[in-house]
Each structure stands twice: as structure tokens, then as C-alpha cells.
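Coordinates in review
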Amino acid sequence: MRRVLLTVGALVAVLVTGCADRADPAPREAAARPEALTWQQELRVADAQQRLTRQCMRRHGFTYWEDLGLTLRESRPVRYVQDDVAWARTYGYGSRIEAESARVRERNPNGTYRQGLSPARRAAFDAALDGGDSARLLTAALPGGGTMRKRIGGCSEEAERTLYGDPAAWFRASKTATNLTSLYGERLMKDRRLKAAIRAWARCMRAAQQPYADPAAARDAVRTGTGLPGGAGSDEAFAAERETAVADAACARRSSLRAVATARETYYQDRLRDRFGEDLDTYRRLGQRAYDRAVHIVPERN
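Residues numbered from 1 in each chain as written. Predicted model: local features only at pLDDT ≥ 70, side-chain atom pairs only at ≥ 80, totals over all residues. Heavy atoms only, no water.

1. With respect to the confidence of the model for the chain
- With 87% of its residues at a pLDDT of 70 or more, the chain shows a mean pLDDT of 89.
- Residue range residues 1-20 is modelled with pLDDT below 50. Its contacts to residues more than four positions away, or to other chains, number 75 contacts. (pLDDT = per-residue confidence, 0-100. Contact = heavy atoms within 4.5 Å.)

2. Comments concerning the packing of aromatic side chains
- With the rule as written, the count across this model stands at 7 aromatic pairs.
- Measuring from ring centre to ring centre gives 4.1 Å for Tyr164 and Trp170, while their planes differ by 10 degrees; the resulting arrangement is stacked. For the pair shown, Tyr164 and Trp170 are each scored as buried.
- The interplanar angle of 85 degrees and the centroid separation of 5.1 Å between the aromatic rings of Tyr267 and Tyr268 together place this pair among those described as edge-to-face.
- Residue classification places Tyr267 among the partly exposed residues on the basis of a relative accessible area of 37%.
- Taking NZ or CZ as reference, Arg264 lies 4.5 Å from the ring centre of Tyr267, over its face.
- Here Arg271 stacks its cationic end above the ring of Tyr267, 4.5 Å away from the centre of that ring. (Phe/Tyr/Trp six-rings, centres within 6.5 Å; stacked < 30°, edge-to-face > 60°. Buried < 20%, exposed > 50% of the residue type's maximum accessible area, 1.4 Å probe, protein only. Lys NZ or Arg CZ within 6 Å of the ring centre and 35° of its normal.)

3. Some details on helix 12 (residues 234-254)
- The end-to-end C-alpha distance of helix 12 is 30 Å, a good match for the 30 Å that 21 residues give at a rise of 1.5 Å each.
- Where helix 12 ends, the next residue or the one after it, Ser256, has phi of about 55 degrees, a positive value. (Helix = DSSP H or I, 4+ residues; strand = E, 2+ residues; numbered from the N terminus. Expected span 1.5 Å × (residues − 1).)

4. Quick notes on the state of the cysteines
- With the rule as written, the count across this model stands at 2 disulfides.
- Cys56 shares a disulfide with Cys155; S-S distance 2.1 Å. Its S-S torsion of approximately -75 degrees makes the covalent link between Cys56 and Cys155 left-handed. Of the two residues, Cys56 sits in helix 2 (residues 39-59) while Cys155 sits in helix 7 (residues 154-164), which places them 99 residues apart along the sequence. This pair shows no difference in class: Cys56 is buried, exactly as Cys155 is.
- In this model, Cys204 is linked to Cys251 through a disulfide, with the two sulfur atoms separated by 2.1 Å. The sign of the -75 degrees torsion about the S-S bond sets the Cys204-Cys251 disulfide as left-handed. With a gap of 47 residues between them, Cys204 in helix 10 (residues 192-207) and Cys251 in helix 12 connect regions that are remote in the sequence.
- Relative accessible area serves as the criterion here: at 15%, Cys204 is assigned to the buried category.
- Judged by relative accessible area, which is 1%, Cys251 ranks as buried. (Disulfide = S-S within 2.5 Å.)

5. Quick notes on the nonpolar core
- Counting 54 residues, the largest nonpolar core has Val45, Leu163, Tyr164, Trp201, Met205 and Leu257 as its most contacted members.
- Excluding residues within four positions of it along the chain, Met205 makes contact with Gln210, Pro211, Tyr212, Ala218, Thr244, Ala247, Asp248 and Cys251. (Core = buried A, V, L, I, M, F, W, Y, C linked by side-chain atoms within 4.5 Å.)

6. As for a positive patch on the surface
- Taken together, the side chains of Lys190, Lys195, Arg199, Arg203 and Arg206 define a basic patch exposed on the protein surface.
- Of note, Arg203 is situated in helix 10. (Patch = residues over 30% accessible without salt bridge, like charges linked within 9 Å, V, L, I, M, F, W, Y side chains within 5 Å. Areas by Shrake-Rupley, 256 points an atom, 1.4 Å probe, with all protein chains shown as cover. Salt bridge = Lys/Arg side-chain N within 4 Å of Asp/Glu carboxyl O. Lys, Arg positive; Asp, Glu negative; His and termini not counted. Charge placed at Lys NZ, Arg CZ, Asp CG, Glu CD.)

7. Examining the pattern of salt bridges
- Under the criterion given, the structure shown has 16 salt bridges.
- Arg114 is the partner of Asp126 in a salt bridge, and the nearest nitrogen-oxygen pair spans 2.7 Å. In this pair, Asp126 is assigned in helix 6 (residues 119-130) and Arg114 in helix 5 (residues 109-115), connecting sequence segments 12 residues apart.
- Among the residues examined, Asp126 registers a relative accessible area of 22% and is labelled partly exposed.
- Residue Arg114 is classed as partly exposed on the basis of its relative accessible area of 24%.
- Here Arg161 makes a salt bridge to Glu157, at a shortest N to O gap of 2.8 Å. Of the two residues, Arg161 and Glu157 are both situated in helix 7; the distance of 4 residues between them amounts to about one turn of the helix.
- When its relative accessible area of 39% is taken as the criterion, Arg161 is described as partly exposed.
- The class for Glu157 is buried, based on a relative accessible area of 14%.
- Residues participating in the shared-partner salt-bridge network are Arg51, Arg54 and Glu66.

8. Observations regarding the packing of helix 10 against helix 12
- The contact between helix 10 and helix 12 brings their axes to 9 Å, and the two run at 135 degrees. For the element pair helix 10 / helix 12, the angle class is oblique. Once helix 10 is placed against helix 12, the crossing between them reads as right-handed. Taken together, the residues of helix 12 that come into contact with helix 10 (itself represented by Trp201, Cys204 and Met205) are Thr244, Ala247, Asp248, Cys251, Ala252 and Arg254.
- Grouping the constituent residues of the contact of helix 10 with helix 12 by class yields 6 nonpolar, 1 polar and 2 charged. (Axes fitted to C-alpha atoms, helices over the stretch in contact; angles between N-to-C directions. Parallel < 35°, antiparallel > 145°, perpendicular 65-115°, else oblique. Left-handed = near helix turned anticlockwise from the far one by under 90°. Nonpolar A, V, L, I, M, F, W, Y, C, P; charged D, E, K, R; others polar.)

Printed below as a string of C-alpha cells:
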């Protein structure tokens, strides 16, 4: 799971990536449109894709491990606007979750297993997993210019086809929907209503002895040296991280920062519907299709 990116993209990810929390109200004017998946639903789709890939690889005679290292609560994404006080009290900004995840990735059993195969079996493994050298190339034009490409084949393609129906259509729609921020991100950051909400957040933080101008500044100040337990000074650093994160979340609630950010992003995104509305609706429709199928493949994480 990706974590917070302290840039314009991190703020606008409140809505456009489809990772809204369950409590996010749907905009009234968009009631008839497909709804974006919550982050919980997206995680379940990702888990289903791993399960389908494992089953497919087994049919090809290979072992494949699913990555289910985090609990549902630990998997909660941390964005620019973080207003879950209870989560912040336990995990801060998620630095230790990230550190542990990075350590697990370094010990990825699939990579170790692949390296232990003979050259011929390794090539067969690659072909089974993603098509190997014969994989086809998908392309998607980005809203702000440029093109993204992805090689797809084998069990990876089979899993995506089972979930989304058309991997190529999903790739094109998802790359459009998740990269619209390049067209309105700067305007959103300068939006007077959003800036007013951030100033209200900052006043609340100063009252809590946390003098930061915005959430990005708060996180930059405390997400260093926390690491995993046991390192020199790491426990003290993590305690400071949690203290700031709790104040951040509490002030986000008091200033209604997430509601304002979501509403203003929706406003700017809706200005682009004449050009990209079909892509946005396809992205959400195929995402919902994938989730409807995922619930029959894997349970929600505990």
C-alpha cells in the first residue's frame, strides 16, 4: 500500500484515486454516477488479484506467495488529510508500518523462490506470471501529456481479466482517472476555501503547541528517525510522531479540512467531465465490477 506523498498529488488524492473512506459523503450532483471504491474495497480487490494469481501459478506448476502482511487497520492509507485520531494515537503517520513493510519486501519469498529455479524454469516462471518476453504491451495517454506503458500476460493478465473484464480498458481508464491532478492540482492548492481550511487547521495546531503551516510540514518535521523499535532514539522519535499525528488528526476534524478538500477537489474535477467524464465513469464502473467479484474470492482482511 502506498503511503503519504507530501506533494500536490498527496492532497488531491483525497478523492481522485478512489480511496475515499466509508464516511465520505457522495457529492449530490454525482449521485447517479458510479461510486469510487473505498480504500478497504480497493485492498480487497488487490488481495483477490493475488489469490487469483497464486491459483493460476499453481496450475502452471509454480509456488506463489500472497502478500498479506498487514492487518486491515494497518493498511489504512495516510493522506494529506488524516483525521482518524484513534489510528494516529496508535500508528502516528504510519512510519513503523512502512519500515516493517519495506523489510518484508526485502525478504519477498517469490523473488527468493524464482532465483532458486534453474534458468529454464525461471523463464517458464516469468512466462507464467506475466507473459515473459511474449507479453503484450498496453498503452495509455495521460491527461497532462505523455504515455504510460505496461507489459501484461500470463497469470497477471488472467487475474485482471477475471476481475475487470477488460485489462486494457481498465489500464487506460485508471491511468486517466488517477492522473487528472496534473490538470487542476495547482488551482486546488490555491483555492481560497481550501486555504482558509488549512489556516484554520494551522491555528488549531498552534494552540496544541504544534506550529506547522500545513499537514505536509507537520509530517516532514516528525517522520524521521522513527524506524523500527530498538533503534537509538527511535522510541522517542515515534512518540513525537504520534503526538503530532494525533494533534493533526484532531485539528483536521475541528477545521473540517477533509470535507473541504474533498468538496473542492470534486468541484475542479467536475470541470473536466466534458473531456474525461467517460474515463472517470469507466474507472469507477470497472472498479466496482472488480470488487463485486472480489468478495466471492477473498474475505476482507481482519
